[in-house]
Amino acid sequence: MRDLRLLADEAKTLAQAELAFQRSRAAYVGAETRTIALLAIIAVVLVFFAFMAFVVGTVIALGPLLGLWGAMATVTVVLLAAAVLGALNARSRLRRMLSIAGSAQD
């Protein structure tokens, strides 16, 4: 009987230690997730500003060749064309994914 009581006490201690370990692990993951999200947001903002600098630089570089309005129109049309191609590609991939997912459920 004494052995069973000792075994139960050891199991209780092990369960408490495991719970404490999982709590500290969850706290670490939570803190790191916040830091990672913040760094990702900063990176996205910096990429956006870098892209805007590229767009403005392209307009300025094309200005002497096409005139300021022509350069602005050219860069705008190229960016819109890239956006439309990306949207069409996303739409086709979405349709393909839905057809595959739909056929898998049947």
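Keep in mind it's a predicted model, so treat the numbers as computed, not measured. (Residues numbered from 1 in each chain as written. Predicted model: local features only at pLDDT ≥ 70, side-chain atom pairs only at ≥ 80, totals over all residues. Heavy atoms only, no water.)

1. Describing the overall build of the chain
Note the cut-off: The helix count covers DSSP runs of H or I at least four residues long, the strand count covers runs of E at least two residues long, and both are numbered beginning at the N terminus. For this measure, only C-alpha atoms enter the radius of gyration; the expected value for a globule follows 2.2 Å times N^0.38, where N is the number of residues. Using the Shrake-Rupley algorithm and a 1.4 Å probe, accessible areas are obtained, with residue cover drawn only from the displayed protein chains. Lys and Arg are tallied as positive, Asp and Glu as negative. Neither His nor the chain termini are counted. Every charge is mapped to an atom, namely NZ of Lys, CZ of Arg, CG of Asp or CD of Glu.
Across its full length, the chain carries 2 helices and 0 strands. Since a compact globule built from 106 residues should have a radius of gyration of about 13 Å, the 29 Å found for the chain marks it as more spread out than a globular shape. Taken along its principal axes, the extent of the C-alpha atoms in the chain is 95 × 45 × 10 Å. Summed over all atoms, the accessible surface of the chain reaches about 9,200 Å², with 74% contributed by carbon and sulfur. Of the side chains in the chain, 10 bear a positive and 6 a negative charge, and the two mean positions are spaced by 15 Å.

2. Structural notes on a nonpolar patch on the surface
Spelled out, the test is: A patch consists of residues exposed above 30% relative accessible area that lack any salt bridge, with like charges linked at up to 9 Å and nonpolar side chains (Val, Leu, Ile, Met, Phe, Trp, Tyr) linked at up to 5 Å. Here a salt bridge means any side-chain nitrogen of Lys or Arg lying within 4 Å of a carboxyl oxygen belonging to Asp or Glu. Exposure categories follow from relative accessible area, calculated using a 1.4 Å probe and restricted to protein chains: below 20% of the type maximum is buried, above 50% is exposed, and the middle band is partly exposed.
Together, I41, V45, F48, F49, F51, M52, F54 and L79 make up a nonpolar patch on the protein surface, roughly 770 Å² of accessible area in all. It is helix α1 (residues 2-66) that provides the largest number of residues to the nonpolar patch, a total of 7 residues. Relative to the helices and strands, F51 is located in helix α1. Owing to a relative accessible area of 41%, F51 belongs among the partly exposed residues under this scheme.

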